[in-house]
There are 2 protein chains.
Amino acid sequence: MNSSQAVSSRSPGSRGLPAKAIIREVGLRDGLQSIATVLPTAQKQEWILDAYACGQREIEVGSFVPPKLLPQLADTAEVLAYARTLPGLFASVLVPNLKGAERAIEGGADLMILPLSASHAHSLANLRKTPDEVVAELGRIRAARDAAGSKTLIEGGVGTAWGCTLQGNVPVSEVLRLLQALLDAGADRVSLADTVGYANPYAVSTLVEQALKIAGDRFCCGHFHDTRGLALANAAAALQLGVSRFDASLAGIGGCPHAPGASGNASTEDLAFMLEAMGVDTGLDINALLALRAKVAGWLAGEATHGAMWRAGLPNNFKPAAAR
Amino acid sequence: MNSSQAVSSRSPGSRGLPAKAIIREVGLRDGLQSIATVLPTAQKQEWILDAYACGQREIEVGSFVPPKLLPQLADTAEVLAYARTLPGLFASVLVPNLKGAERAIEGGADLMILPLSASHAHSLANLRKTPDEVVAELGRIRAARDAAGSKTLIEGGVGTAWGCTLQGNVPVSEVLRLLQALLDAGADRVSLADTVGYANPYAVSTLVEQALKIAGDRFCCGHFHDTRGLALANAAAALQLGVSRFDASLAGIGGCPHAPGASGNASTEDLAFMLEAMGVDTGLDINALLALRAKVAGWLAGEATHGAMWRAGLPNNFKPAAAR
């Protein structure tokens, strides 16, 4: 089970890149929450089982939000219970508040992720709280977790970290302040998300470099959206600084409410190819992932899917990083 | 007019990135040669004029190959003559051999690009020559150019530099040997192309670093295909080493004969966004490029187009690099 390290057990490989990296599958949460199709629980379980067989060991299985808000994720408790049956699978859930956190703790999630929006305007519009009110909520979640004697880890995920469709610029200083505040309030780890696809490799390098100074090993993940085609370039920029965990969504599902038809998350299969091609071991079987992608895209017929590898396939000289 | 510099008149910007970069439009050559639609000459001229109005100052306008082989490019002489009427536009053409070069010289092209395939198998299959026979041809082209007193520059473009669908691996040592051989034979400049989308940011860094040692300022351009989604990440890797000229194709047209439906070249508009967002001045008006993209995509209705920016548009806090 991969625990809270961020820049995970990193033995540097070539050119100082991490030797290993983890792709955390978020298609079942960030992907499904943004599209209309409601996958039956049995299909979610099949997706998780197949992803596990592909080598995925960290999966965000859903979100403990009110079912009225996101009927697509109403079965999160059941999906989480299923995920916990797979040995060594690290199952995370998104929680919007203490109430959601209590369900995550009760369900025995390995990790709960509390999203915070660094954009004040986005935070008020989406979460109806200021960023600092979310930080305070994380403090309450930490207290509840500790009181319950639970081992569920707490991640503070700072979104709109590179800008926001409502507010425009989000100052780096504000993002860094919030990372520190989350850690001070009891987060086991923190991450950064480019929620709306405003990041670029330069901005990623600049912000992640400073985030690592603040959070060190507790900086755990980069979450990049491909809205403007830069998810992989941005992931590569973070990788160069030693970040070794990335969120991604099979077939890039998820989209962006602000750009209809645009790409959502980085595609799991494309990111896996990039990392493996660069010699960074992900533990993933890319051809198996491509087969799973075809299956899930079939379930989601009519929804936009994304990515390049599903058409192109692996190069004929491809060797997984672990085989070199 | 941008002359033969490679890592062009580079005053380093932030994080050592070039302050400026040039996107060489190759849609009219690499794009159109790979799709079935034959654009009328008048539409090509309109494309060039609009691209010029968007700020593009380097355009590969066609290829002097036999019209029987590529009817899409049969009007290259006429298109070149038109391009030469636009002040300060640097017009290049692809030439497969001495015969094509003679036409480029006669037409007054600013630059002729002789493609060479570093993969022996690909070279024989596509050019019916070994790589060293192409080097020898470049020597003859240089002699003809000098004898004619022409100012047309000569670029040796080394393709399949990161691998090949026929041969698989292409040794770095062979790519470097061919770069040196092209320079020795009289190339004014050399470039590297990932013809089939096999490159990754690590491999780009590794090869370009060595190519720069050999060619210095005469290394002029990175040509990345997006077949596996990595064109922008690869361009970012080359940019970090100071490379400041990239080939790209409006709407990413071009495709890959070995992966039907897959992306072709890097999309001009997406690459322009990445560079500008990173603070690298391209001189391009991205919204004008997006309007041109819509027009050209309309002309090419039915052909696959690619890229992300046309759906997402610019971030609302976007500032061109030159305006910061």
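Every residue gets a number counted from 1 within its own chain, in the order that chain's sequence is written. Think of it this way: whatever chain is written first is A, whatever ligand is written first is 1, and the rest follow in order. Residue-level local features of this predicted model are given only where pLDDT is at least 70; pairs of side-chain atoms are given and counted only at 80 or more, and the full residue set underlies all totals for whole chains, interfaces and linings. Hydrogens and water are ignored here; the side-chain numbers use all heavy atoms of the structure.

(A) Spatial organisation of helix α8 (residues 201-215) of chain A. By definition, any uninterrupted DSSP run of H or I lasting at least four residues is a helix, any uninterrupted run of E lasting at least two residues is a strand, and each is numbered from the N terminus. The length a helix should cover is 1.5 Å for every residue beyond the first. In this model α8(A) runs 20 Å from its N-terminal to its C-terminal C-alpha over 15 residues, within 8% of the 21 Å that 1.5 Å per residue would give. Throughout this description, buried means an accessible area under 20% of the type-specific maximum (1.4 Å probe, protein chains only), exposed means over 50%, and partly exposed covers the range between. Turning to α8(A), its buried residues number three or more, namely A:Pro201, A:Val204, A:Ser205, A:Thr206, A:Leu207, A:Val208, A:Ala211, A:Leu212 and A:Ala215. Those residues of α8(A) hidden inside the fold are in contact with α7 (172-184), β6 (189-194), β7 (219-224) and α9 (231-240) of chain A together with α9 (231-240) and α10 (268-277) of chain B. Its side-chain oxygen 2.9 Å from the backbone nitrogen of A:Tyr202, A:Asn200 forms the N-cap of α8(A). Looking at the residues trailing α8(A), positive phi occurs at A:Gly216, about 55 degrees. By definition, residues are in contact when any of their heavy atoms lie within 4.5 Å. Definition of a polar contact: a pair of N or O atoms within 3.5 Å, with one able to donate and the other able to accept a hydrogen when the atoms are protein atoms, and with sequence-neighbouring residues admitted only if both atoms are side-chain atoms.

(B) Just helix α4 (residues 98-107) of chain A, in detail. All names here are of chain A. Along α4, the residues that are buried comprise Gly100, Ala101, Ala104 and Ile105. Down the axis, α4 shows its buried residues gathered within 140 degrees of arc, on one side only. Those residues of α4 that are exposed and aimed more than 90 degrees away from the buried face are Lys99 and Glu106. On its buried face, α4 is in contact with α3 (76-83), β3 (90-94), β4 (111-117) and α6 (131-147). Near the N-terminus of α4, the side chain that reaches the backbone nitrogen of Lys99, with its oxygen 3.2 Å away, is that of Asn97. One or two residues past the end of α4 sits Gly108, with phi positive at roughly 70 degrees. Working definition: the arc comes from the directions between the helix axis and the C-beta atoms, pointing outward to the latter.

(C) Geometry of the environment of A:Gly279. Residue and element names in this part refer to chain A. Tracing the chain through its elements places Gly279 in the loop between α10 (268-277) and α11 (286-299). We classify Gly279 as partly exposed; its relative accessible area is 32%. Each C-alpha atom, one on Gly279 and one on Arg324, is 8.1 Å from the other, the two residues being 45 residues apart in sequence. If sequence neighbours within four positions are ignored, Gly279 has contacts with Ala19, Ala321 and Arg324.

(D) Representation of the relation of the copies chain B and chain A. For these two chains of identical sequence, chain B goes onto chain A by a turn of 180 degrees and a shift of 0.0 Å along the axis, with RMSD 0.0 Å. The symmetry that links the two subunits is that of a two-fold axis. Within chain B, the C-alpha atom positioned nearest to the axis of rotation is that of B:Ala233, 2.0 Å from it. Take the interface residues of chain B: 100% of them recur as interface residues in chain A, which is what a same-surface contact looks like. We place the copies in one frame by least squares, fitting the C-alpha atoms of every residue whose pLDDT is at least 70 in both.

(E) Fine view of the interface of chain B and chain A. With 41 residues of chain B at the contact, the number on the chain A side is 41 residues. Each partner contributes to the roughly 3,300 Å² buried at the junction of chain B and chain A, and carbon and sulfur atoms together form 58% of this total. Reported buried area values correspond to the accessible surface (1.4 Å probe) lost by two parts on association, with both partners' losses combined. Sorting the residues of chain B by area buried against chain A places B:Arg15, B:Tyr202 and B:Arg228 first, and these three jointly supply 22% of that buried surface. Salt bridges are counted wherever a side-chain nitrogen of Lys or Arg sits within 4 Å of a carboxyl oxygen of Asp or Glu. Summed over the shared surface of chain B and chain A, the result is 0 salt bridges. Between chain B and chain A we count 13 residue pairs in polar contact (both at pLDDT 80 or more) in total. Among the secondary structure elements, those contributing two or more residues to the side of chain B that touches chain A are α8 (201-215), α9, α10 and α12 (309-312) of chain B. It is α8(B) that provides the largest number of residues to the side of chain B that touches chain A, a total of 5 residues. The residue classification treats Ala, Val, Leu, Ile, Met, Phe, Trp, Tyr, Cys and Pro as nonpolar and Asp, Glu, Lys and Arg as charged. All others, Gly included, are polar. Among the residues making up the side of chain B that touches chain A, the classes are represented as 22 nonpolar, 14 polar and 5 charged.

(F) Quick look at the packing of aromatic side chains. Residues and elements named next belong to chain A. Within 6.5 Å between ring centres, the rings of Phe, Tyr and Trp (the latter by its six-membered ring) count as paired, and their orientation is classed by plane angle as stacked under 30 degrees, edge-to-face over 60, tilted in between. The tally for this structure, following the rule as stated, stands at 4 aromatic pairs over all chains. Centre to centre, the rings of Phe273 and Phe318 are 6.0 Å apart; their planes meet at 45 degrees, and the pair counts as tilted. In this pair, Phe273 sits in helix α10 while Phe318 sits in the segment after α12 (309-312), placing the two residues 45 residues apart along the sequence. Positioned above the aromatic ring of Tyr52, the side-chain terminus of Arg57 is 3.8 Å from the ring centre. For a lysine, the NZ atom is tested; for an arginine, the CZ atom; a charge sits over a ring if that atom is within 6 Å of the ring centre and within 35 degrees of the ring normal.

(G) Quick look at the pairing of strand β5 (residues 153-159) of chain B. All names here are of chain B. Most of β5 is tucked away, with 7 of its 7 residues classed as buried. Neither face of β5 is open: one carries Leu153, Glu155, Gly157 and Gly159, the other Ile154, Gly156 and Val158, and all of them are buried. Orienting the strands away from the viewer, one traces the path from the first strand over the helix to the second; a clockwise path indicates a right-handed crossover. Between β5 and its parallel partner strand β6 (residues 189-194), the chain crosses via helix α7 (residues 172-185), and the hand of that crossover is right-handed.

(H) Quick look at the pattern of salt bridges. All told, the structure shown has 34 salt bridges over all chains when counted by the stated rule. Here A:Arg145 makes a salt bridge to A:Asp146, at a shortest N to O gap of 2.8 Å. Judged by its relative accessible area of 41%, A:Asp146 falls in the partly exposed class. For B:Glu60, the salt bridge goes to B:Arg29, with nearest N and O atoms at 3.2 Å. With a gap of 31 residues between them, B:Glu60 in strand β2 (residues 58-63) and B:Arg29 in helix α1 (residues 27-33) connect regions that are remote in the sequence.

(I) Broad picture of the environment of A:Leu289. Residue and element names in this part refer to chain A. Assignment of secondary structure puts Leu289 in helix α11. Measuring from C-alpha to C-alpha, the distance between Leu289 and Arg218 comes to 29 Å, with 71 residues separating the pair along the chain. Every residue in contact with Leu289, bar those within four places of it in the chain, is listed here: Cys54, Gln56, Leu250, Thr268, Glu269, Ala272 and Leu284.

(J) Geometry of the side chain of A:Asp30. Residues and elements named next belong to chain A. Tracing the sequence through the fold places Asp30 in helix α1 (residues 27-33). Judged by relative accessible area, Asp30 falls into the buried class, the value being 8%. Engagement of the side chain of Asp30 in a polar contact is seen with the side chain of His225, the distance being 3.3 Å. When sequence neighbours within four positions are dropped, the list of residues in contact with Asp30 reads His223, His225, Gly254 and Asn265.

(K) Structural context of the confidence of the model for chain A. Summary of the metric used: pLDDT quantifies the predictor's per-residue confidence within the range 0 to 100. Taken residue by residue, chain A gives an average pLDDT of 94. The fraction at 70 or more is 94%. The low-confidence segment residues 1-10 of chain A, where pLDDT is below 50, has 40 contacts with residues more than four positions distant or belonging to other chains.

(L) Structural context of the pairing of strand β4 (residues 111-117) of chain B. Residue and element names in this part refer to chain B. Burial of β4 is extensive: 6 of the 7 residues sit out of reach of the surface. We treat two strands as partners when DSSP finds at least two bridges between them. Here strand β3 (residues 90-94) runs beside β4; their pairing, made up of 3 bridges, is parallel. Paired with Leu94 across the two strands is Ile113, which belongs to β4. Handedness of the β3-helix α4 (residues 98-107)-β4 crossover: right-handed. Direction of pairing for β4 relative to β5: parallel, over a ladder of 7 bridges. Across the sheet, residue Pro115 finds its bridge partner in β5, namely Gly157.

(M) Representation of the packing of α7(B) against α8(B) within the structure. All names here are of chain B. To get an axis, a line is fitted to the C-alpha atoms, and for a helix only the part in contact is used. The angle between two axes follows their N-to-C directions and goes from 0 to 180 degrees. Their axes nearest at 10 Å, the elements α7 and α8 cross at an angle of 25 degrees. Classified by the angle between their axes, α7 and α8 sit roughly parallel to one another. Seen along the crossing, α7 lies across α8 with a hand that is right-handed. Here Val172, Val175, Leu176, Leu179, Gln180 and Leu183 of α7 come into contact with α8, specifically with Leu207, Gln210, Ala211, Ile214 and Ala215. The residue inventory of the contact of α7 with α8, partitioned by class, reads 9 nonpolar, 2 polar and no charged. Relative orientations are named as follows: roughly parallel for angles under 35 degrees, roughly antiparallel for angles over 145 degrees, roughly perpendicular for angles from 65 to 115 degrees, and oblique for any other angle. Take the far helix as your reference; a near helix turned counterclockwise from it by less than a right angle gives a left-handed crossing, and one turned clockwise gives a right-handed crossing.

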